[in-house]
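Descriptive analysis of the structure
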Amino acid sequence: MQKLLLYWFKENKRDLPWRTNPDWYKTFLSEIILQQTTVVQGWPYFQKFLKKYPNINSLALANEHDVLHLWAGLGYYARARNMLKAAKIISQKYNGKFPQDYKTALSLPGIGPYSASAILSISFNLPFSVMDGNVIRVISRIFAIKDDTRDPATLKFIKEKADSLLDKSEPGNFNEAMMELGATICLPSKPKCSGCPIHKNCSAYKRNLVDRIPYKSKPAKKKKKYNIVGVVMNKSKICIVRRPGTGFLAGLWEFPLIEVKTDDFSKINITDHFKKMYGLNVFREIESPKMRQTYSHIDLKFIAVTLRTGSKTILKNSYVESKWVKFEELENFAIHNGHKKIIEWLKLSKLITKSEG
Ligand code: SF4
């Protein structure tokens, strides 16, 4: 089965930018960018990063602000921060070379079992099997594993199966082949079994269980949160604030906001809240439609309100920094995706334009 899969992969693999003149730095970049991101979404980010930081030492010299700015829109910003920290450690402590020992690789920020195994097998041909969503699906089907893949015990069992299948002579190609099969043939719904190179070895296919495997129980409910976000303006300047360096959306910029308990935003006295919380006397102008942003554990509904003030002194509360910037300068800051929607609303409704700045 392994040889069939390897042959299929060599004949059919997609032409992806990190597969052109591959080296470990490209694998490192691509594996971090592609975590929780599709190839289509991650592709342009990989190219931007490779162009600006063509090797590990240039990435190690970057500052966090520039890296976050280049990363903006990809979400999960902790990944970008960890990538930068790992680059600095590799450059300074390991002489610019990725450590080829599994435990040492795991000690790097942002490098978990998946990334360590992927980089070590793909770039250094070391025998570590990978487990991502695609591989979990393929293995579950090959062995007709019906258990809940949200259960760590099931994942442990699947990992043992992945280890047992790994072709030790070509571990990198084999891992890539498994992931490629999951991404292009063994799809979550309507897998293309008739064109699958290993359908004769697939228990789920032979037992007509493909539609039922893998099984994943429903996730815990997301916590609902509600915000009123103030686009606070003093003449042509807009106030932005930076979140603390740890925790949810760490270190990112946003517009100051108030957390409320309901999405019936009309009941809230916004000017009072901004006075109490930020020490600002504001005059309320235009309100946006309701917007929504979902995170792994939070379902956030919010509106934005444009507020005028004569002051430039804002109480920081939990924020670590505040700035008053022109509208066109907003794009220079790593503003998280939820509040980027507010910038889009401001642009579309022409409430603030470049010329006003
Ligand atoms: S036969 Fe179908 S279900 Fe089995 S591995 Fe191939 S594509 Fe997946």
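This text gives an overview of the structure that appears in the document. (Residues numbered from 1 in each chain as written. Predicted model: local features only at pLDDT ≥ 70, side-chain atom pairs only at ≥ 80, totals over all residues. Heavy atoms only, no water.)

Looking at the environment of Ala 177
Assignment of secondary structure puts Ala 177 in helix α11 (residues 171–184). Among the residues examined, Ala 177 registers a relative accessible area of 0% and is labelled buried. Between the C-alpha atom of Ala 177 and that of Phe 9, which follows or precedes it by 168 residues, the distance is 5.2 Å. Not counting residues within four places of it along the chain, the set of residues in contact with Ala 177 comprises Leu 5, Trp 8 and Phe 9. (Helix = DSSP H or I, 4+ residues; strand = E, 2+ residues; numbered from the N terminus. Buried < 20%, exposed > 50% of the residue type's maximum accessible area, 1.4 Å probe, protein only. Contact = heavy atoms within 4.5 Å.)

Brief notes about the site of the ligand
The full set of residues close to the ligand is Arg 141, Ile 185, Cys 186, Cys 193, Cys 196, His 199, Cys 202, Tyr 205 and Val 210. Residues of the shell around the ligand, tallied by class, amount to 7 nonpolar, 1 polar and 1 charged. (Near = heavy atom within 4 Å. Nonpolar A, V, L, I, M, F, W, Y, C, P; charged D, E, K, R; others polar.)

Focus: the nonpolar core
Where a protein is soluble and globular, its nonpolar side chains tend to be buried together. By size, the foremost hydrophobic cluster in this structure holds 83 residues, and its most contacted members are Phe 28 and Ile 342. Residue assignment places this core across two domains, with domain 1 (2–212) and domain 2 (223–348) each supplying three or more. The residues contacting Ile 342, other than those within four sequence positions of it, are Val 229, Val 231, Phe 255, Met 291, Phe 302 and Ala 304. With 27 residues, the next largest nonpolar core counts Ala 118, Val 138, Ile 145 and Phe 174 among its residues. (Core = buried A, V, L, I, M, F, W, Y, C linked by side-chain atoms within 4.5 Å. Domains from an automatic or database assignment.)

Here's the deal with the packing of aromatic side chains
One pass over the structure, following the stated rule, counts 14 aromatic pairs. Geometrically, the ring pair formed by Trp 24 and Phe 98 is tilted, given 5.6 Å between the ring centres and 45° between the ring planes. Linking Trp 24 in helix α2 (residues 24–33) with Phe 98 in the loop between α6 (77–93) and α7 (102–106), this pair joins segments that are 74 residues apart in sequence. A relative accessible area of 16% places Trp 24 in the buried class. Judged by its relative accessible area of 3%, Phe 98 falls in the buried class. Taking 6.5 Å as the distance between ring centres and 15° as the angle between the ring planes, the aromatic pair formed by Phe 98 and Phe 124 counts as stacked. In this pair, Phe 98 sits in the loop between α6 and α7 while Phe 124 sits in helix α8 (residues 113–124), placing the two residues 26 residues apart along the sequence. Judged by its relative accessible area of 22%, Phe 124 falls in the partly exposed class. Ring pairing ties together the aromatic residues Trp 24, Tyr 25, Phe 28, Phe 98 and Phe 124, which thus form one cluster. When the ring centre of Tyr 45 is taken as reference, the NZ or CZ atom of Lys 48 above it lies at 4.3 Å. Over the face of the ring belonging to Phe 143 we find Lys 161, whose NZ or CZ atom lies 4.8 Å from the ring centre. (Phe/Tyr/Trp six-rings, centres within 6.5 Å; stacked < 30°, edge-to-face > 60°. Lys NZ or Arg CZ within 6 Å of the ring centre and 35° of its normal.)

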